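Chain and residue survey
Here's the letter readout for the chains.
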Protein chains: 2
Amino acid sequence: MPTSPAPEAPAYDDVVAAAEQIAGHAVTTPLLESPLLNEKLGGRLLVKAECLQRSGAFKFRGAYNRISRLGDEQRRAGVVAFSSGNHAQGVAMVAQMLGVPAVIVMPTDAPEIKLANTRAYGAEVVMYDRETESREEIGERLAAERKATLVPSYDDPLIIAGQGTVGLEIAAQAREMDARLDAVIAPCGGGGLISGCALALSEECPEARLFTAEPEGFDDTARSLAAGERVSNDKGAKTFCDALILPTPGVLTFSINQRLLAGGFALGDAETAGAMKAAFQYLKLVVEPGGAVALAAALTGAYDCKGKTVAVVCSGGNVDPGVFAAALGADKD
Amino acid sequence: MPTSPAPEAPAYDDVVAAAEQIAGHAVTTPLLESPLLNEKLGGRLLVKAECLQRSGAFKFRGAYNRISRLGDEQRRAGVVAFSSGNHAQGVAMVAQMLGVPAVIVMPTDAPEIKLANTRAYGAEVVMYDRETESREEIGERLAAERKATLVPSYDDPLIIAGQGTVGLEIAAQAREMDARLDAVIAPCGGGGLISGCALALSEECPEARLFTAEPEGFDDTARSLAAGERVSNDKGAKTFCDALILPTPGVLTFSINQRLLAGGFALGDAETAGAMKAAFQYLKLVVEPGGAVALAAALTGAYDCKGKTVAVVCSGGNVDPGVFAAALGADKD
């Protein structure tokens, strides 16, 4: 069987087309700010509240842009995805909305809320062991067996373009708020969100510098950007940012990120927990660990906001109560 | 000294004027929904996320509509307000934005976050004992001493009209979402929010029935509506809804509510804590106890959502971490 050629990287126009495709289905999430946080930072911080997106994370956008373009026969055969949880919920929710059967391959250690919601959206969940099994192999086998369409979590032109609508909205909302962006920072796992945003923002706000935020030990994109080639994370690394545990940058996403990003930041879990608490206190948002790393990059000074206008994406809010309470420092009597 | 005549109740046009006055200053908060909650309820539930408003509660709207209309001399003399916390923060924040000195009279048992934020917005805070002192007397004395303007927390035409912009937005956003509202429920303390919303919604969605939600033991408005006259709460009642602890409906607010509301619901604190948890889980919103009572009315079936389309206001999110963790059931190991 011949290998299929690598898909072509999407461009700005694909993000605009994605925005049309998802209009009326995805939430236009607000770009929020807190005068108290601005005062602390000595700059202007704009927070894209993507945790308020349908399914509780930006992943809905890419999933809708991908699945809603399937033909009738493909829809009947269904979709397969593998994901630690947010792409799982996004695909399951879109599939339910469009009447498409969905099978999702999820790790046994995924957060309870992500497993429960994926099932609640009507998807069949197949569990795998993160240490000993390959989710790619399981996903590809299931897709082949069922003639179903595999919906990748990031390395796909329509997925990237869909996530890029976050960047289009940031640009439009910042203009409405008379904010000229010096920088935009987004959480990065496989790189779908930041690469899509980069396609949008490099056209809309060419003066803004674009950065990834990753957990310490999972800063493969930051190190790959510095090295000029895709490098991997050490196997032993641990983080509570369950949404951002991936070994290597995507091929397609990195080809975009290498061209358009200024660099990346690595945040410790304690710093990220502090950002979750700040989002609770100042913005009234529930942000999950992996969703809070870009906010952490701004609040800790990893990116110095002084005198600057900076937008950060809070990319998801699917977090178990105990983890959230611990981040607030309120998990004990 | 002659008593000043009772101010005239505001009307629909005053709410429209308030919307113009606050445009570009207040956040147009999103109207959110969760397919999983809809499925549980067998209806359509739309949640006005007013906890995302500036200062973390709807109170910013009325405060801005009132204070931004003061003349130069009045602005220099400053403003005085008394409040358990959300009106305090709204007034303090607006005063800071407009360069107006502010003194806020707050109870000694106000939540830490509300005291800290009111001070952080630059206001002078004067504490009083809820059991033994009258905040009205202290506020009036301070205002007289400083020739400052007293900014009432609800019984004022401009305050009511400002809060009513929540209702205008609900009507417009529901139309955009193809939702025909059967009912709207809002938390009620003095009645400023629901009376303002009623002015807007009775014009914009005349078919929608309008309800208050109050904590058990503080359902003075519900009982006053039933009795046809203003009745008071028993002195001994307790609730964790600190924003809704008031003895009697306002004169002006009740005159509107009596004319336009269908009735009210009383919710136990455990029911309200359940609504806070649902907002965390399904909507990724931080909602304070007093902000969650209308959501609780929908989720508990106090208002039966089956087959209906219902909007509820989540009116604020200023809650201490320990109280929030307890509502999530995550305050212990």
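Keep in mind that this is a model prediction, so the values were computed, not measured.

Now for helix α7 (residues 135-146) of chain B. Counted at 1.5 Å a residue, the expected span for α7(B) with its twelve residues is 16 Å, and the 16 Å between its end C-alpha atoms agrees. Count one or two residues on from α7(B) and you reach B:Lys147, which has phi positive near 50 degrees.

Before going further, it helps to spend a moment on the sheet that holds strand β1 (residues 31-32) of chain B. All names here are of chain B. One open sheet holds the six strands; their spatial order is β1-β2-β10-β7-β8-β9, and the pairing between them is mixed. Here the strands that pair on one side only, and so sit at the sheet edges, are β1 and β9 (263-267). In terms of strand pairing, strand β8 (residues 209-215) meets β9 through five bridges, oriented parallel. Residue pairing for β9: Pro215 is matched across the bridge by Leu267.

Turning to the domain arrangement of chain A, a few remarks are in order. Residues and elements named next belong to chain A. What the domain assignment reports for chain A is domain 1 (12-57 + 156-327) and domain 2 (60-150). If you average the C-alpha positions of domain 1 and of domain 2, the two centres end up 23 Å apart. Counting from both sides, the interface comprises 26 residues of domain 1 and, opposite them, 19 residues of domain 2. Of all the elements in the fold, those that place two or more residues in the side of domain 1 that touches domain 2 are α1 (12-22) and α8 (157-176). By residue number, the principal contributor to the side of domain 1 that touches domain 2 is α8, which donates seven residues. By residue class, the composition of the side of domain 1 that touches domain 2 is eleven nonpolar, eleven polar and four charged.

Moving on: helix α5 (residues 86-98) of chain B. An ideal rise of 1.5 Å per residue puts 18 Å on 13 residues; α5(B) measures up with 18 Å between its terminal C-alpha atoms. Here α5(B) lies mainly inside the structure; ten of its 13 residues are buried. When α5(B) is considered as a whole, its buried residues turn out to be B:Asn86, B:His87, B:Ala88, B:Gln89, B:Gly90, B:Val91, B:Ala92, B:Met93, B:Val94 and B:Ala95. Looking at the buried side of α5(B), the elements it contacts are α2 (35-41) of chain A together with α3 (59-67), β3 (79-82), β4 (102-107) and α6 (112-120) of chain B. In the segment just after α5(B), B:Gly99 is the residue with positive phi, at about 70 degrees.

Before going further, it helps to examine the nonpolar core. By size, the foremost hydrophobic cluster in this structure holds 239 residues, and its most contacted members are A:Ile185, A:Leu295, B:Ile185 and B:Leu295. Setting aside residues no more than four positions away along its own chain, B:Leu295 makes contact with B:Val47, B:Ala275, B:Ala278, B:Ala279, B:Val312 and B:Cys314.

Moving on, we come to the interface of chain A and chain B. In this complex, chain A contributes 28 residues to the contact, which on the side of chain B involves 28 residues. Elements that contribute at least two residues to the side of chain A that touches chain B include exactly α2, α6 (112-120), α12 (269-283) and α14 (321-327) of chain A. In terms of residue count, the dominant contributor to the side of chain A that touches chain B is α14(A) (four residues). Across the side of chain A that touches chain B, the residue classes tally to 18 nonpolar, six polar and four charged.

This part covers the confidence of the model for chain A. Counting all residues, the mean pLDDT for chain A is 95, and 97% of those residues have values of 70 or more. Reported confidences for the modelled complex are a pTM of 0.95 and an ipTM of 0.93.

Residue and element names in this part refer to chain A. Across the interface, helix α3 (residues 59-67) lies against helix α5 (residues 86-98) with an axial gap of 8 Å and an inter-helix angle of 45 degrees. As judged from the angle between their axes, α3 and α5 are oblique. Along this stretch, α3 crosses α5, giving a crossing that reads as right-handed. Within the contact between the two elements, α3 uses Lys59, Phe60, Ala63, Tyr64 and Ile67 and α5 uses Asn86, His87, Gln89, Gly90, Val91, Met93, Val94, Ala95 and Leu98. Its residues assigned to classes, the contact of α3 with α5 comprises nine nonpolar, four polar and one charged.

Let's shift gears to the relation of the copies chain A and chain B. Of the two same-sequence chains, chain A is brought onto chain B (RMSD 0.0 Å, axial shift 0.0 Å) by a rotation of 180 degrees. In the structure described here, the two chain copies are related by an operation that fits a two-fold rotation axis. When the interface residues of chain A are mapped onto chain B, 100% of them are again interface residues, pointing to one common binding face.

Mapped onto the secondary structure, B:Leu52 falls in the loop between β2 (44-49) and α3. For B:Leu52, a count of 24 C-beta atoms within 10 Å corresponds to the buried category. Each C-alpha atom, one on B:Leu52 and one on B:Gly317, is 7.6 Å from the other, the two residues being 265 residues apart in sequence. Leave out the neighbours within four places in its chain, and B:Leu52 touches A:Pro30, A:Leu32, A:Lys284, B:Val27 and B:Thr29.

Residues and elements named next belong to chain A. Close contact between α8 and helix α9 (residues 192-204) brings their axes to 6 Å; oriented N to C, the two are set at 50 degrees. Classified by the angle between their axes, α8 and α9 sit oblique to one another. Helix-helix and strand crossings are classified by hand; for α8 and α9 the assignment is right-handed. Contacts between α8 and α9 involve Ile159, Ile160, Ala161, Gly162, Gln163, Gly164, Val166, Gly167, Leu168, Ile170 and Ala171 on the former and, on the latter, Gly192, Leu193, Ser195, Gly196, Cys197, Leu199, Ala200, Leu201 and Glu204. Split by residue class, the contact of α8 with α9 holds twelve nonpolar, seven polar and one charged.

Conventions and cut-offs
- Residues numbered from 1 in each chain as written.
- Chains lettered and ligands numbered in written order.
- Predicted model: local features only at pLDDT ≥ 70, side-chain atom pairs only at ≥ 80, totals over all residues.
- Helix = DSSP H or I, 4+ residues; strand = E, 2+ residues; numbered from the N terminus.
- Expected span 1.5 Å × (residues − 1).
- Pairing = 2+ DSSP bridges.
- Domains from an automatic or database assignment.
- Contact = placed C-beta atoms within 7 Å.
- Nonpolar A, V, L, I, M, F, W, Y, C, P; charged D, E, K, R; others polar.
- Buried ≥ 20, exposed ≤ 12 C-beta atoms within 10 Å, placed from the backbone.
- Core = buried A, V, L, I, M, F, W, Y, C linked by C-beta atoms within 7 Å.
- pLDDT = per-residue confidence, 0-100.
- Axes fitted to C-alpha atoms, helices over the stretch in contact; angles between N-to-C directions.
- Parallel < 35°, antiparallel > 145°, perpendicular 65-115°, else oblique.
- Left-handed = near helix turned anticlockwise from the far one by under 90°.
- Least-squares fit on C-alpha atoms with pLDDT ≥ 70 in both.

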